[in-house]
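Structural characterization, general
Residues per chain are reported as follows:
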Amino acid sequence: MALGLKRGRVVLMVHERAWEEYALLLMGQLREILKGTALSIQHVGSTSIPAIKAKPIIDIVLGVHRLPGLLPLEERLKEKGFLYRGEEEEGNSLYVVQDKKDGDIVLTHIHAVNYPSKTFADYVLFRDRLCSDASLAREYERRKIDLAERYENERKAYTKAKTSFINAVLERR
């Protein structure tokens, strides 16, 4: 299975079923570590949409009652390889799993957010809309391919450039 990218890089790959299996494994590990602190754990992002190419980094959204509730579990998360990388934005903390041999290779992004919240719902809604609408998924894939060519070494710019499309999908009725 091809999994992981050097931090900051953007490379898209054809979907691999093994990504879904790895996501299930990670979600099981998180449930075990967090024992009830996690109210919902979902595989999201492009690796959860079988019809499209994706960066080979697994995205998980972790819904918790209150983000500070993870603080007592930080050491356990770290021991299991889940490293805290700070707040991406208010109410959205990022954890990563990195390759043990090369710490510059990121395998997973875990977005810890309050649950219930609009942020959590948006992650799941976006995934579900693309999984249920092949035309919309292909449109998103075309956008991603174009942006990946432009921003191969600028992941933050790539992510920001997808925002208007993501927002348009979320605003659909």
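Residues numbered from 1 in each chain as written. Predicted model: local features only at pLDDT ≥ 70, side-chain atom pairs only at ≥ 80, totals over all residues. Heavy atoms only, no water.

1. Points about the overall build of the chain
Of regular secondary structure, the chain possesses five helices and six strands. Element order for the chain, N to C, with α for helix and β for strand: β-α-β-β-α-β-β-β-α-α-α. A compact globule built from 173 residues would reach a C-alpha radius of gyration of about 16 Å, and the chain, at 15 Å, matches this within 12%. Along the longest, intermediate and shortest principal axes, the C-alpha atoms of the chain span 40 × 40 × 30 Å. When each of the 173 residues of the chain is scored for burial, the buried share is 43%. Taking contacts inside the chain between residues at least 6 apart in sequence as the whole, the part at least 24 apart equals 61%. (Helix = DSSP H or I, 4+ residues; strand = E, 2+ residues; numbered from the N terminus. Rg over C-alpha atoms; globule rule 2.2 N^0.38 Å. Buried < 20%, exposed > 50% of the residue type's maximum accessible area, 1.4 Å probe, protein only. Contact = heavy atoms within 4.5 Å.)

2. Things to note about the nonpolar core
Among the nonpolar cores identified, the biggest contains 27 residues, and L34 and L62 are the most heavily contacted of them. When residues of this core are traced back to their parent elements, those giving at least two are α1 (17-34), β2 (38-44), β3 (58-64), β5 (92-98) and β6 (105-114). No other element matches the eight residues that α1 contributes to this core. Formed by ten residues, the second largest nonpolar core is a distinct cluster that contains L130, A137, Y140 and V169. (Core = buried A, V, L, I, M, F, W, Y, C linked by side-chain atoms within 4.5 Å.)

3. A few points about a negative patch on the surface
Where like charges cluster on the molecular surface, the negative patch consists of E87, E88, E89 and E90. Here E87 shows up in strand β4 (residues 83-89). (Patch = residues over 30% accessible without salt bridge, like charges linked within 9 Å, V, L, I, M, F, W, Y side chains within 5 Å. Areas by Shrake-Rupley, 256 points an atom, 1.4 Å probe, with all protein chains shown as cover. Salt bridge = Lys/Arg side-chain N within 4 Å of Asp/Glu carboxyl O. Lys, Arg positive; Asp, Glu negative; His and termini not counted. Charge placed at Lys NZ, Arg CZ, Asp CG, Glu CD.)

4. Focus: the side chain of R127
Here R127 is to be found in helix α3 (residues 118-132). Look past the residues within four positions of R127 in its chain and what remains in contact with it is Q42, H43, V44, S48 and I49.

5. What to know about the environment of A161
Within the secondary structure layout, A161 lies in helix α5 (residues 155-171). The exposure class of A161 is partly exposed, given its relative accessible area of 26%. For the pair A161 and L147, spaced 14 residues apart in sequence, the C-alpha separation works out to 7.4 Å. Ignoring any residue separated from it by four or fewer positions in sequence, one finds A161 in contact with R143, L147 and Y151.

6. A look at the packing of aromatic side chains
In this structure the tally under the stated criterion is four aromatic pairs. Ring centres of Y115 and F120 lie 4.8 Å apart, and the angle between their planes is 80°; this geometry places the pair in the edge-to-face category. Under the relative-accessibility criterion, Y115 is labelled partly exposed at 29%. Look at F120 and you get buried, because its relative accessible area is 6%. Judged by centre distance (5.1 Å) and plane angle (85°), the rings of F126 and Y140 are edge-to-face. One end of the pair, F126, is in helix α3; the other, Y140, is in helix α4 (residues 134-150), and 14 residues separate them in sequence. Of the two residues examined, F126 and Y140, each falls in the buried class. (Phe/Tyr/Trp six-rings, centres within 6.5 Å; stacked < 30°, edge-to-face > 60°.)

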